[in-house]
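Close look at the chain arrangement
Spelled out from the first residue to the last, the chains are:
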Amino acid sequence: MKTLRKAFILAAALCLLAAQSCLKDQHEVFDKPYSERLSEFNSNVRSILEKDGQVWLMEMYPGTSQKFGGYAYFLTFENGMVNARCELDPETVYSSYYKITSDNGPVLSFDSFNDALHVFATPSSGAYEAMGGDFEFSIKSYSDSKIELVGKRSDNHYNLNAFDGAMTPEAYLAAVNRMSENVLAATVEAKLGESDLNGEVDLDNRRITFTYYDPEESALLNAGSDEEEEGEDDGYVTKAMPFMYTPTGIKAYEPIKILGYTFSEFNYFEGNNVFTDGVITLQGKVPSDYTQYPDFAGDYVFTYYTKKANVTLTPDETGAGYIMSGLDSHYTIYLRFIKAKGRLEMNSQKIGTNGSNIIWLAAWDLDHGGSLTWNEDAGMELHWVEENGQFEFVPGIKVEDFYADSFILWETDANGASIDSYEGWGQAQSQIPYLKALKRK
């Protein structure tokens, strides 16, 4: 018993000595108050940012889950000012103030309005809630060549890399824009070992969604999920790769691992529509009915249900879609161009107001009970059918279990709560059932 007591006293003494040692070490590591260390950190970052006119290449990924893909920016910092140039407007430099502040840690803030840096955070007619862009960033680490940031709004990582390339920023962004125009693929295919890799390409939102067969990874991903409980795990894995364009191809938001291969950057060869990193080759493909953007313009006979109307498709100013006019004098309809597929989409959209209420052209699923939605992803595709010599509407832009085959005018309040069908312009104008085709006049 005495021996046990001595052992206990000895152990307690050792713990006390260890605790004193730890406290001593902590005192040595943190020999300055937190506020002083934070101020020193911020000062060091500011000095690195503004050092000798250093040019920084920023990888900007707006939106949660990088939903809009990435964009290249060039930044320089001087005397509390930031000069920004981006691929959306490569010939213009926009200047504003910046600051490094403290908010639960060091923060780089572009709180003074800047057309380039705030473009994804500013609402527009096509994106009334903006695109989730960041303009405040937590600073995670820094060195002379790289500053690691995390968007406070999106939680995406944004890297600032010291740019010392052979190209000027203007030439770099021009090459990036050429690449974004030249890349053309709706799907990609590859062989990884003995396994097939397939990907669906969304060029508008700069994302490739890969699908491949890997029972082990699938089982791990579905552990505890409904699929596991119901025994529906089919062994396939789906994995998204948001990307940005580079002068030579595309670069992933972060390295992606599939079937034992890790890749992050591909060169693109337009001649044979191939993406390759030297080990993996993705073969790009487009649909046989692919239609180039300018070829949609013109006058048409629009057929829906048993009705016909003369309409005109006019390119919008951005080159991202078409305005369809002529169906009704009270509104026009926007058709979005899907670059990867060479098709147009007609989706749910706002077309007017009634006081403070919103009038929607809402996607309508007549064939399955008549449910409707003003989810702006729901709608129909319009693509060329050679044998019929016309563009035809195809149901099947799936939003959960909803398939649109028609459209209806619907009214909601300003908060999005449903009111009723809108018949303020007459009942005959409120429904567009069973869309069929556009045939050139």
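This section reports on the structure supplied with the text. (Residues numbered from 1 in each chain as written. Predicted model: local features only at pLDDT ≥ 70, side-chain atom pairs only at ≥ 80, totals over all residues. Heavy atoms only, no water.)

**Considerations on the packing of aromatic side chains**
Two aromatic rings are characterised by how far apart their centres lie and by the angle between their planes. The tally for this structure, following the rule as stated, stands at 27 aromatic pairs. Seen in terms of ring centroids, Tyr268 and Phe275 are 4.7 Å apart; in terms of plane orientation they differ by 45 degrees. Their pairing is tilted. Owing to a relative accessible area of 8%, Tyr268 belongs among the buried residues under this scheme. In this structure Phe275 comes out as buried when scored by relative accessible area, which is 2%. Judged by centre distance (5.0 Å) and plane angle (70 degrees), the rings of Trp384 and Phe391 are edge-to-face. We classify Phe391 as buried; its relative accessible area is 3%. (Phe/Tyr/Trp six-rings, centres within 6.5 Å; stacked < 30°, edge-to-face > 60°. Buried < 20%, exposed > 50% of the residue type's maximum accessible area, 1.4 Å probe, protein only.)

**Some details on the nonpolar core**
Among the nonpolar cores identified, the biggest contains 38 residues, and Phe210, Met241, Phe275 and Leu282 are the most heavily contacted of them. Residue assignment for this core shows that the elements contributing at least two residues are strand E2 (71-78), helix H3 (169-182), strand E10 (187-192), strand E11 (195-202), strand E12 (207-213), strand E13 (236-245), strand E14 (249-258) and strand E15 (261-269). Not counting residues within four places of it along the chain, the set of residues in contact with Phe275 comprises Val183, Ala185, Val188, Ile250, Phe266, Asn267, Tyr268, Ile280, Thr281 and Leu282. (Core = buried A, V, L, I, M, F, W, Y, C linked by side-chain atoms within 4.5 Å. Helix = DSSP H or I, 4+ residues; strand = E, 2+ residues; numbered from the N terminus. Contact = heavy atoms within 4.5 Å.)

**Observations concerning the sheet that holds strand E3 (residues 81-86)**
Here we have nine strands laid out as an open sheet, ordered E4-E3-E2-E1-E9-E8-E7-E6-E5, and antiparallel in their pairing. Of all strands in the sheet, those with a lone pairing partner are strand E4 (89-97) and strand E5 (99-102), marking the two edges. Neighbour to neighbour, the strand axes of the sheet diverge by 30 degrees on average, direction disregarded. The strands touched by helix H2 (residues 34-49) within the sheet are strand E1 (56-60), E2, E5, strand E6 (106-109), strand E7 (136-142), strand E8 (146-151) and strand E9 (157-162), with E5 carrying the most contacts at an inclination of about 165 degrees. Against the sheet, H3 contacts E1, E2, E3 and E4, and its axis sits at roughly 165 degrees relative to E2. (Pairing = 2+ DSSP bridges. Axes fitted to C-alpha atoms, helices over the stretch in contact; angles between N-to-C directions.)

**What to know about H2**
Its 16 residues place the ends of H2 23 Å apart at the C-alpha level, agreeing with the 22 Å of an ideal helix rising 1.5 Å per residue. Within the span of H2, buried status applies to Leu38, Asn42, Val45, Ile48 and Leu49. When H2 is viewed along its axis, its buried side chains cluster within an angular range of 125 degrees and face the same direction. (Expected span 1.5 Å × (residues − 1). Arc of directions from axis to C-beta.)

**Focus: the sheet that holds E13**
Strand order in the closed barrel formed by eight strands is E10-E11-E12-E13-E14-E15-E16-E17, with antiparallel pairing between adjacent strands. For this sheet, the mean inter-axis angle between neighbouring strands, taken without regard to orientation, is 25 degrees. Relative to E12, E11 is paired through six bridges, and the arrangement is antiparallel. Bridging across to E12, Asp202 finds its partner in Arg207. Contacts between H3 and the sheet are confined to E13, E14 and E15, with E13 contributing the most and set at about 140 degrees to the helix.

**Comments concerning the pattern of salt bridges**
Taken as a whole, this structure holds 13 salt bridges when the rule is applied. The salt bridge partner of Asp289 is Arg343, with a shortest N-O separation of 3.1 Å. One end of the pair, Asp289, is in the loop between strand E17 (281-285) and strand E18 (298-304); the other, Arg343, is in strand E22 (residues 343-347), with 54 residues separating them in the sequence. Residue Asp289 shares its accessibility class with Arg343, and that shared class is buried. Residue Glu381 is joined to Arg343 by a salt bridge in which the shortest nitrogen-to-oxygen separation is 2.9 Å. Of this pair, Glu381 sits in strand E26 (residues 379-385) while Arg343 is found in strand E22, placing the two residues 38 residues apart along the sequence. Residues joined in a network through salt bridges with shared partners are Asp289, Lys341, Arg343 and Glu381. (Salt bridge = Lys/Arg side-chain N within 4 Å of Asp/Glu carboxyl O.)

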